[in-house]
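Take a look at the letters that make up each chain.
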Amino acid sequence: MADDDAPRPLPPRDPRPLFVHWAIDSAVVFLLTVIVAVFLGAALLTVAIASVVAGVFLAPWTRNLEARGLARRAERAAENASKPQ
């Protein structure tokens, strides 16, 4: 692909709020565990509560990962912008 055809870099942005990470992490944990937990006899409410609690612990970690990825993306965009064409 020629340099003229290269897509523009994505604009910089802040990481999503912690609440968004908590909600998504809780949903992912729920979906990953619900089938096995129900098969083993756990109640859906128990699985949902455990997923919400797991989301509380996972949210800061996933937000940090997103922030690091966004910082790397911004660094690469700055490097590409400073290269002579």
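Below you will find a few notes about this structure. What you are looking at is a predicted structure, and each value in this text was computed from that prediction instead of being measured.

### Quick word on the overall build of the protein
Then, in step 1: Within the protein, the secondary structure is distributed over 2 helices and 0 strands.
Then, in step 2: Relative to the compact-globule value of 12 Å for 85 residues, the protein shows a C-alpha radius of gyration of 19 Å, a clear excess of over 25%.
Then, in step 3: A burial count over the protein gives 15% of its 85 residues as buried.
Then, in step 4: Pairs at least 24 apart in sequence give 74% of the contacts found in the protein among residues at least 6 apart.
Then, in step 5: With the model as given, the accessible surface of the protein reaches about 6,900 Å², and the carbon-plus-sulfur share is 68%.
Then, in step 6: One finds the centroid of the 9 positive side-chain charges in the protein at a distance of 6 Å from the centroid of its 8 negative side-chain charges.

### So, helix α2 (residues 44-82)
Then, in step 1: Relative to the 57 Å expected for 39 residues at 1.5 Å per residue, α2 spans 54 Å between its end C-alpha atoms, a close match to the ideal helical length.
Then, in step 2: Along α2, the helix axis deviates most sharply at L58, where the bend reaches about 40 degrees; the proline P60 sits within four residues downstream.
Then, in step 3: For α2, the full list of buried residues reads V47, S51, G55, A59, T62, E66 and L70.
Then, in step 4: Lining the buried residues of α2 we find α1 (18-39).

The rules we used
- Residues numbered from 1 in each chain as written.
- Predicted model: local features only at pLDDT ≥ 70, side-chain atom pairs only at ≥ 80, totals over all residues.
- Heavy atoms only, no water.
- Helix = DSSP H or I, 4+ residues; strand = E, 2+ residues; numbered from the N terminus.
- Rg over C-alpha atoms; globule rule 2.2 N^0.38 Å.
- Buried < 20%, exposed > 50% of the residue type's maximum accessible area, 1.4 Å probe, protein only.
- Contact = heavy atoms within 4.5 Å.
- Areas by Shrake-Rupley, 256 points an atom, 1.4 Å probe, with all protein chains shown as cover.
- Lys, Arg positive; Asp, Glu negative; His and termini not counted.
- Charge placed at Lys NZ, Arg CZ, Asp CG, Glu CD.
- Expected span 1.5 Å × (residues − 1).
- Bend = angle between axes of the 7 residues up to and from the residue.

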